[in-house]
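Residues per chain are reported as follows:
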Amino acid sequence: MSGEPAFPDIVDLNVGGVYYTTSLQTLTREPDSQLGVIFTSREPATKDTKGRYFLDRDGVLFRYVLDYLRDGGLVLPECFRERERLKKEAEKYNLPGLVEAVAEGSRSRPPGIITVGYRGSFQFGKDGLADVKFRKLSRILVCGRVALCRDVFGETLNESRDPDHGQSERYTSRFFLKHSFLEQAFDMLLEQGFKMVGSCGSGTAGSASELKPGVDAEESRWNHYNEFVFVRE
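First, a word on scope: everything that follows refers to the structure included in this document. Nothing here was measured: the structure is a model prediction, and the numbers come from that model.

A word on the packing of aromatic side chains. For the structure on display, the rule yields 8 aromatic pairs. Where Y20 meets F62, the ring centres are 5.2 Å apart and the plane angle is 65°; that geometry is what we call edge-to-face. Note that Y20 is positioned in strand β2 (residues 18-23) and F62 in helix α3 (residues 62-71), a separation of 42 residues in sequence. The exposure class of F62 is buried, given its relative accessible area of 0%. Where F62 meets Y93, the ring centres are 5.7 Å apart and the plane angle is 55°; that geometry is what we call tilted. Of this pair, F62 sits in helix α3 while Y93 sits in the loop between α4 (83-92) and α5 (96-107); the two residues are 31 residues apart in sequence, bridging distant segments of the chain. Here F62 matches Y93 in class, with each residue buried. Through pairs of rings, three or more aromatic residues link up here, namely Y118, F186, F228 and F230.

Generally speaking, nonpolar side chains in soluble globular proteins are found buried as a group. Formed by 28 residues in total, the largest nonpolar core has its most connected members in L13, L35, F39, F62, V65 and Y93. Broken down by element, the residue count for this core peaks at 6 residues, all from α3. Apart from the residues within four sequence positions on either side, L35 is in contact with L27, L55, F62, V65, L69 and Y93. Counting 22 residues, the second largest nonpolar core, distinct from the first, contains I114, L177, M188 and F194.

Within the secondary structure, L182 is located in helix α7 (residues 182-191). Judged by its relative accessible area of 3%, L182 is buried. Put simply, L182 and L137 are 45 residues apart on the chain and 8.6 Å apart in space, counted from C-alpha to C-alpha. Residues contacting L182, with those up to four places away along its chain left out, are V116, Y118, R135, L137, I140 and F228.

The rules we used
- Residues numbered from 1 in each chain as written.
- Predicted model: local features only at pLDDT ≥ 70, side-chain atom pairs only at ≥ 80, totals over all residues.
- Heavy atoms only, no water.
- Phe/Tyr/Trp six-rings, centres within 6.5 Å; stacked < 30°, edge-to-face > 60°.
- Helix = DSSP H or I, 4+ residues; strand = E, 2+ residues; numbered from the N terminus.
- Buried < 20%, exposed > 50% of the residue type's maximum accessible area, 1.4 Å probe, protein only.
- Core = buried A, V, L, I, M, F, W, Y, C linked by side-chain atoms within 4.5 Å.
- Contact = heavy atoms within 4.5 Å.

Written out as structure tokens, the structure is:
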């Protein structure tokens with residue numbers, strides 16, 4: 001018995017710079033886990049300068065590890081986008097039940113189709129074609145089932161042009177995104193298990209006859225519209 005550290009019933013933790021307080025009973029609930037091994041003195045424990053037990057892991061995701069140990073289950077927030085990272089944390093902590101819970105959550109995501117479209121051009125400078133700058137997007141449009149679009153895009157989804165708020169099982173073609181980064185939209189779809197299955201584009205406008213006031217003629221020639229269809233099976 002001599003030489004074994006006596007862990008307190010209430011344990012202060014520093015996990016990757018994020019601080020937690022939990023019970024020793026929670027940390028040792030699964031004795032064969034990495035936490036169980038550390039907090040039963042089978043492996044050495046490390047402390048930070050404030051005397052808190054230190055774990056060099058992802059501090060933000062550790063909250064879900066603790067929730068799993070407390071409750072024996074996993075409940076993730078809507079639009080949670082770090083399942084693969086959480087699965088990796090669960091593997092590092094040697095918590096096979098949590099690994100399976102994360103994987104099960106990924107498998108249970110409903111299938112669906114989302115179409116992303118944008119109207120764009122190229123931004124020109126004073127020297128016209130000799131001074132082409134960057135792709136210019138006016139708005140990224142989102143079409144699909146309302147609940148699915150909300151689940152994928154979360155707070156980045158702008159619903160201000162959609163007249164029927166609150167009905168999640170209907171479909172809409174009036175959502176758009178609060179940002180104009182096409183690749184960010186694609187990343188969010190890929191993180192949620194979608195794959196692009198098709199796309200189409202209108203080509204450039206060519207020689208437009210009438211221009212709206214304030215619209216650059218050269219830039220207007222290169223206006224185009226594109227759509228991308230994403231599917232999750």
